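# Commentary on secondary and tertiary structure
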Amino acid sequence: FEAAMPASSSKIAPGPLSRTTSSLHRKKQARAWRAALQQLLDEPGSSRAAVCVFCVIIAAIIASVSAFFLSSVKSITAADGGHAIWVVEACCVSIFTVEVGFRTLVATMDLKQLMLLDPYFWIDVLAIIPFYIDQLFTLPPGLRWMQLLRLLRILKLLRHCTHLRRARLNTR
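This one's a predicted model, so the numbers in the text were calculated from it and none came from an experiment. (Residues numbered from 1 in each chain as written. Predicted model: local features only at pLDDT ≥ 70, side-chain atom pairs only at ≥ 80, totals over all residues. Heavy atoms only, no water.)

### Here we look at the overall build of the protein
Assigned secondary structure in the protein consists of six helices and zero strands. Mapped in sequence order, the helices and strands of the protein form the string α-α-α-α-α-α. Across the 172 residues of the protein, 26% fall into the buried class. The long-range share in the protein, meaning contacts at least 24 apart out of those at least 6 apart in sequence, stands at 66%. By element, 69% of the accessible surface of the protein is carried by carbon and sulfur atoms, the whole surface being about 11800 Å². (Helix = DSSP H or I, 4+ residues; strand = E, 2+ residues; numbered from the N terminus. Buried < 20%, exposed > 50% of the residue type's maximum accessible area, 1.4 Å probe, protein only. Contact = heavy atoms within 4.5 Å. Areas by Shrake-Rupley, 256 points an atom, 1.4 Å probe, with all protein chains shown as cover.)

This is how it looks when you write it as structure tokens:
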């Protein structure tokens, strides 16, 4: 049958029905991908990868808060000008920024789950903003209080401790 058909007609252009089906398939894949990413971020007991993500975020929180406190010790910052602490802080903020970005990607427009109404989202954002402001501008002494916003990272533990408790309950 193919030999009897002209070469130009062997490839038929997709019609509107196949485009609609393809579009629905892509939307379904995107929804599934977002759900898997949300499970990775919010349910540490769901897989080994989720446990790894959870551990990396907890370690980054602890390292970041420790670096914040160590940055106030003159003898530690005098040795290298605070460069080592800055590197730790930059790595931690990078991890937190990626986390906020991923959480933004998986956020839905469902009014019950609107990300902009989630206090944890704002804690995450307020915890990383001081680092970026400090990199862009030299803060005058009157605005040094903004660096205290970095301590909001301790509150990030609340989100993750809630997930840890929920994971423990699921394993029982």
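### Concerning the packing of aromatic side chains
If you walk through the whole model with that rule in mind, you get four aromatic pairs. Plain terms: the ring middles of Phe-68 and Phe-69 are 5.7 Å apart, the flat faces sit at 70 degrees to each other, and that makes the pair edge-to-face. Residue classification places Phe-68 among the buried positions, given a relative accessible area of 16%. We classify Phe-69 as partly exposed; its relative accessible area is 46%. Grouped by ring-pair contacts, the aromatic residues Trp-86, Phe-131 and Tyr-132 constitute a single cluster. (Phe/Tyr/Trp six-rings, centres within 6.5 Å; stacked < 30°, edge-to-face > 60°.)

### Overview of the packing of helix H4 (residues 83-106) against helix H5 (residues 119-136)
Across the interface, H4 lies against H5 with an axial gap of 10 Å and an inter-helix angle of 135 degrees. The angle between H4 and H5 places the two elements in the oblique class. The two elements H4 and H5 meet at a crossing, and its hand is left-handed. Contacts between H4 and H5 involve Trp-86, Glu-89, Ala-90, Val-93, Phe-96, Thr-97, Val-100, Arg-103 and Thr-104 from the first element and Phe-121, Asp-124, Val-125, Ile-128, Phe-131, Tyr-132 and Gln-135 from the second. Residue composition of the contact of H4 with H5, by class: 10 nonpolar, three polar and three charged. (Axes fitted to C-alpha atoms, helices over the stretch in contact; angles between N-to-C directions. Parallel < 35°, antiparallel > 145°, perpendicular 65-115°, else oblique. Left-handed = near helix turned anticlockwise from the far one by under 90°. Nonpolar A, V, L, I, M, F, W, Y, C, P; charged D, E, K, R; others polar.)

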